[in-house]
Amino acid sequence: MSSPELWDTRHREVLNKPQACAVLRQHSDHLPQRGQALDLACGRGGNALWLARRGLTVHAWDYSETGIQYLCAEAEKHHLTIQAEVRDVVLEPPEAEQFDLLVVSHFLDRSLMPVLLAAVRPGGLLYYQTFLVGHSGPGPRNPDFLLRPGELSGYCVNWEILHSLEQDGQAQLVARR
Ligand SMILES: C[S@@+](CC[C@H](N)C(=O)[O-])C[C@H]1O[C@@H](n2cnc3c(N)ncnc32)[C@H](O)[C@@H]1O
């Protein structure tokens, strides 16, 4: 089960600073210098803060008010502009070709995949990282939230795959539409 209230509680209990996901930090050479980026299901916004520091125009959406409040406070403290929104991304997904860069980390809703891929402009980038079936660390156990081997790159038919890795219980992908 997942709900905004449950995620509010989790985000309230965490003490560490949110980090950008590894795929973003380790494969930043592909990133554009400018453009519209979305950190989807951003939580406390580790990806969003990191992208804003690099000069992108950043949007960050999550249905947890606590996560978005934390992100807004951090952005203000560091004089970063981020368009953060409390938003259920299943009920209100992005529009087609809305973003130059879409980042998704540690979130999976298979029903959304076609809409997410369509939200990336032609020539734009998708950075995705989340848990694989059988992972042994902290994180979800429900198979609905776990990728099968090969699944992530399999969604990106006719995309240019710039990086794909399945290791240590997580899948990473960088792909250009
Ligand atoms: C494991 S956290 C990941 C947060 C962040 N992306 C990260 O990697 O640290 C999953 C996030 O997905 C959000 N989430 C789950 N379902 C959602 C939905 N339908 N709409 C918006 N956010 C959702 C939760 O509120 C939570 O912040």
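The sections below set out a description of the structure shown in this document. Quick caveat: nothing in here was measured; it's all calculated off a predicted structure.

Quick notes on the rules
- Residues numbered from 1 in each chain as written.
- Predicted model: local features only at pLDDT ≥ 70, side-chain atom pairs only at ≥ 80, totals over all residues.
- Heavy atoms only, no water.
- Axes fitted to C-alpha atoms, helices over the stretch in contact; angles between N-to-C directions.
- Helix = DSSP H or I, 4+ residues; strand = E, 2+ residues; numbered from the N terminus.
- Parallel < 35°, antiparallel > 145°, perpendicular 65-115°, else oblique.
- Contact = heavy atoms within 4.5 Å.
- Nonpolar A, V, L, I, M, F, W, Y, C, P; charged D, E, K, R; others polar.
- Near = heavy atom within 4 Å.
- Polar contact = N/O pair within 3.5 Å; in protein donor to acceptor, adjacent residues only side chain to side chain.
- Areas by Shrake-Rupley, 256 points an atom, 1.4 Å probe, with all protein chains shown as cover.
- Disulfide = S-S within 2.5 Å.
- Buried < 20%, exposed > 50% of the residue type's maximum accessible area, 1.4 Å probe, protein only.

Overview of the packing of helix α1 (residues 4–13) against helix α4 (residues 65–77)
Any two packed helices are characterised by how steeply their axes cross, that is the angle between the axes, and by the distance between the axes.
Link 1 in the chain: Across the interface, α1 lies against α4 with an axial gap of 7 Å and an inter-helix angle of 40 degrees. Considering their axes alone, α1 and α4 lie oblique with respect to each other. Two secondary-structure elements touch here, α1 through D8, H11 and R12 and α4 through E65, T66 and G67.
Link 2 in the chain: Of the residues that constitute the contact of α1 with α4, the class distribution is no nonpolar, three polar and three charged.

A closer look at the site of the ligand
Link 1 in the chain: As a matter of local geometry, the ligand sits amid 15 residues, with H11, A41, D62, V89 and S105 nearest to it.
Link 2 in the chain: Contact between the ligand and A41: a nitrogen atom at 2.8 Å from a main-chain N or O atom of the residue.
Link 3 in the chain: Within the backbone of V89, a nitrogen or oxygen atom sits 2.9 Å from a nitrogen atom of the ligand.
Link 4 in the chain: In isolation the ligand exposes 590 Å². Once the protein is present, 84% of that is buried.
Link 5 in the chain: For the shell around the ligand, the per-class residue count stands at seven nonpolar, five polar and three charged.

Concerning the state of the cysteines
Link 1 in the chain: Evaluation of the coordinates by the stated rule reveals zero disulfides.
Link 2 in the chain: Free of any disulfide, C42 has its nearest cysteine sulfur in C72, 8.8 Å distant.
Link 3 in the chain: Under the relative-accessibility criterion, C72 is labelled partly exposed at 35%.

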